[in-house]
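Next come the chains, spelled out residue by residue.
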Amino acid sequence: MSKHTDKIKHAEDEKLMALVEKLQQEISLNKGLDNTTLDMSDDNIVADKILRAEYAFLYDEARYRHASYTGLTNAISQ
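As named in an unreviewed UniProt entry, the protein chain is DUF2508 family protein, taken from Lactobacillus nasalidis.

What follows is the structure, given as structure tokens:
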């Protein structure tokens with residue numbers, strides 16, 4: 001790969017990993033709220049399933065691309 005292509009891949013991997021980390025945080029926050037809520041609405045249940053599906057898809061994509069992240073946490077371990 002050329003240097004330019006490597007820079008583009010690295011930049012896109014960073015974006016992907018930042019999104020995966022953001023989704024991880026949202027899932028963690030929702031999990032804490034789920035424990036304190038007695039009766040979840042149907043809309044909240046559907047929104048949680050969509051969030052988890054989006055996370056699973058992007059997580060798998062990051063693993064497939066062997067994406068690395070230089071942020072505080074590494075959401076994808078190889």
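Caption draft 1: Local environment of the overall build of the protein chain. Per the secondary structure count, the protein chain includes two helices and zero strands. In the protein chain, the share of contacts with a sequence separation of at least 24, taken over all contacts with a separation of at least 6, comes to 76%. Only carbon and sulfur atoms are counted for the fraction: they give 57% of the accessible area of the protein chain, which is about 6000 Å².

Caption draft 2: Representation of unusual backbone geometry within the structure. If you check the backbone angles, His 66 has positive phi at about 55° while not being a glycine. Structurally, His 66 can be placed in the segment after α2 (42-64).

Caption draft 3: Representation of the nonpolar core in the model. By size, the foremost hydrophobic cluster in this structure holds ten residues: Leu 16, Met 17, Val 20, Leu 23, Ile 27, Leu 51, Tyr 55, Leu 58, Ala 62 and Ala 67. Elements that contribute at least two residues to this core include exactly α1 (3-36) and α2. The greatest single-element share of this core, amounting to five residues, is contributed by α1.

Caption draft 4: Molecular detail of α1. Taking 1.5 Å of rise per residue, the 34 residues of α1 would be expected to cover 50 Å, and the 50 Å separating its terminal C-alpha atoms lies within 8% of that figure. Those residues of α1 hidden inside the fold are in contact with α2.

Caption draft 5: Molecular detail of the pattern of salt bridges. A complete count under the given rule lists five salt bridges for this structure. Taking the shortest distance from any N to any O, the salt bridge between Arg 65 and Asp 13 comes out at 2.7 Å. Separated by 52 residues along the polypeptide, Arg 65 in the segment after α2 and Asp 13 in helix α1 bring together distant segments of the chain. Within this structure, Lys 9, Asp 13 and Arg 65 form a network of salt bridges that share partners.

Caption draft 6: Broad picture of α2. Given a rise of 1.5 Å per residue, 23 residues ought to cover 33 Å, and the 33 Å separating the end C-alpha atoms of α2 matches this to within 8%. Turning to α2, its buried residues number three or more, namely Asp 48, Leu 51, Tyr 55, Leu 58 and Ala 62. As for α2, its buried residues are in contact with α1.

Caption draft 7: A look at the environment of Asp 13. Given the relative accessible area of 4%, Asp 13 is considered buried. In this structure the C-alpha to C-alpha distance between Asp 13 and Arg 65, which are 52 residues apart in sequence, comes to 8.2 Å. Excluding residues that lie within four positions of it along the chain, Asp 13 makes contacts with Arg 65, Ala 67 and Ser 68. Among the polar contacts made by the side chain of Asp 13, one reaches the side chain of Lys 9 at a distance of 2.6 Å.

Rules used in this analysis
In this numbering scheme, every chain counts its residues from 1 along its sequence in written order. Given that the model is predicted, a residue must reach a pLDDT of at least 70 before its local features are reported, and side-chain atom pairs must reach 80 or more before they are shown or counted; all residues, however, enter totals for whole chains, interfaces and linings. Only heavy atoms go into the side-chain values, all of them from the structure, while hydrogens and water stay out. A run of H or I in DSSP becomes a helix once it reaches four residues, and a run of E becomes a strand once it reaches two; helices and strands are each numbered from the N terminus. Whether two residues are in contact is decided by their heavy atoms: any pair within 4.5 Å suffices. Only the protein chains shown count as covering a residue, and every accessible area follows the Shrake-Rupley method with a 1.4 Å probe. Put simply, buried Ala, Val, Leu, Ile, Met, Phe, Trp, Tyr and Cys residues joined by side-chain atoms within 4.5 Å make one nonpolar core. The rule is simple: take the accessible area with a 1.4 Å probe, protein chains only, and divide by the maximum for that residue type; under 20% is buried, over 50% is exposed, in between is partly exposed. The span you would expect from a helix comes to 1.5 Å times its residue count less one. The working definition used for a salt bridge is a side-chain nitrogen of Lys or Arg within 4 Å of a carboxyl oxygen of Asp or Glu. The definition of a polar contact used here is a pair of N or O atoms within 3.5 Å, where within protein one atom must be able to donate a hydrogen and the other to accept one, and adjacent residues in sequence count solely through side-chain atom pairs.

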